[in-house]
Amino acid sequence: IDYDRDGFFTALVSWFLGKLFFLILIFTPIGVYTEYFVDLYSKNRFTKLVYFATGLYFILFLIEIPFSFYFGFILEHKHGFSNMSFGFWIWTQLK
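Below, the structure is looked at part by part.

Reading the values: rules and limits
- Residues numbered from 1 in each chain as written.
- Predicted model: local features only at pLDDT ≥ 70, side-chain atom pairs only at ≥ 80, totals over all residues.
- Heavy atoms only, no water.
- Salt bridge = Lys/Arg side-chain N within 4 Å of Asp/Glu carboxyl O.
- Helix = DSSP H or I, 4+ residues; strand = E, 2+ residues; numbered from the N terminus.
- Buried < 20%, exposed > 50% of the residue type's maximum accessible area, 1.4 Å probe, protein only.
- Expected span 1.5 Å × (residues − 1).
- Contact = heavy atoms within 4.5 Å.
- Polar contact = N/O pair within 3.5 Å; in protein donor to acceptor, adjacent residues only side chain to side chain.
- Axes fitted to C-alpha atoms, helices over the stretch in contact; angles between N-to-C directions.
- Parallel < 35°, antiparallel > 145°, perpendicular 65-115°, else oblique.
- Left-handed = near helix turned anticlockwise from the far one by under 90°.
- Nonpolar A, V, L, I, M, F, W, Y, C, P; charged D, E, K, R; others polar.

Brief notes about the pattern of salt bridges
Phase 1: For the coordinates displayed, the defined rule picks out 3 salt bridges.
Phase 2: In this structure, Asp 6 engages Lys 78 in a salt bridge whose closest nitrogen and oxygen atoms are separated by 3.8 Å. Within this pair, whereas Asp 6 is found in helix α1 (residues 2–27), its partner Lys 78 is found in helix α3 (residues 45–78), the two being separated by 72 residues in sequence.
Phase 3: Where Asp 39 meets Lys 43, a salt bridge forms, and the shortest distance between an N and an O atom there is 3.7 Å.
Phase 4: For Lys 43, a relative accessible area of 65% translates into the label exposed.
Phase 5: Taken together, the salt bridges that share partners define one network made up of Asp 39, Lys 43 and Lys 48.

Laid out in structure tokens, this is it:
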């Protein structure tokens, strides 16, 4: 039961922060600044889209990594569901 409760809470907070990130991007000037920053590197619309999407993916990855670490490494080891080393866990996250 502890595993399910902890996992649910972790997933809920992770989901909430992901949505909050997009709301901040949409409803604050950060989205405009991001567009301006991408515009400095390319004038091609497709390339801008690729840069913008890559940046969003990277930022979401940074937001998600602490939750992935807790749920996929700490919690799994705490309840005896995993014997994966920390180095191998990092490797699987980076692939």
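From this point, the narrative continues.
Points about α1
Phase 1: Given a rise of 1.5 Å per residue, 26 residues ought to cover 38 Å, and the 37 Å separating the end C-alpha atoms of α1 matches this to within 8%.
Phase 2: By the burial criterion, the buried members of α1 are Asp 6, Gly 7, Thr 10, Ser 14, Gly 18, Phe 21 and Leu 25.
Phase 3: Its buried side turned inward, α1 meets α2 (30–41) and α3.

Description of the environment of Leu 60
Phase 1: Along the polypeptide, Leu 60 turns up in helix α3.
Phase 2: Distance from Leu 60 to Phe 21, taken between C-alpha atoms, is 8.1 Å for residues 39 residues apart in sequence.

Some words on α3
Phase 1: For α3, built from 34 residues, the straight-helix expectation of 50 Å at 1.5 Å per residue is met to within 8% by its first-to-last C-alpha distance of 48 Å.
Phase 2: Where α3 is concerned, the buried positions are Leu 56, Phe 67, Ser 68, Phe 73, Leu 75 and Glu 76.
Phase 3: Buried residues along α3 sit against α1 and α4 (86–94).
Phase 4: Looking one or two places after α3, you find Gly 80, whose phi comes out positive at around 75 degrees.

A few points about the side chain of Ser 42
Phase 1: Of note, Ser 42 is situated in the loop between α2 and α3.
Phase 2: Engagement of the side chain of Ser 42 in a polar contact is seen with the backbone nitrogen of Asn 44, the distance being 3.1 Å.
Phase 3: Ignoring any residue separated from it by four or fewer positions in sequence, one finds Ser 42 in contact with Thr 47, Lys 48 and Tyr 51.

Thoughts on the packing of α3 against α4
Phase 1: Packing of α3 against α4 leaves a shortest axis separation of 12 Å and a crossing angle of 140 degrees. Of the possible angle classes, the one that applies to α3 and α4 is oblique. Our pair here, α3 against α4, has a crossing hand that is right-handed. For the pair α3 and α4, contact is made by Phe 61, Ile 65, Ser 68, Phe 69, Gly 72 and Phe 73 and by Phe 86, Trp 89, Gln 93 and Leu 94, respectively.
Phase 2: Classifying every residue of the contact of α3 with α4 gives 7 nonpolar, 3 polar and no charged.

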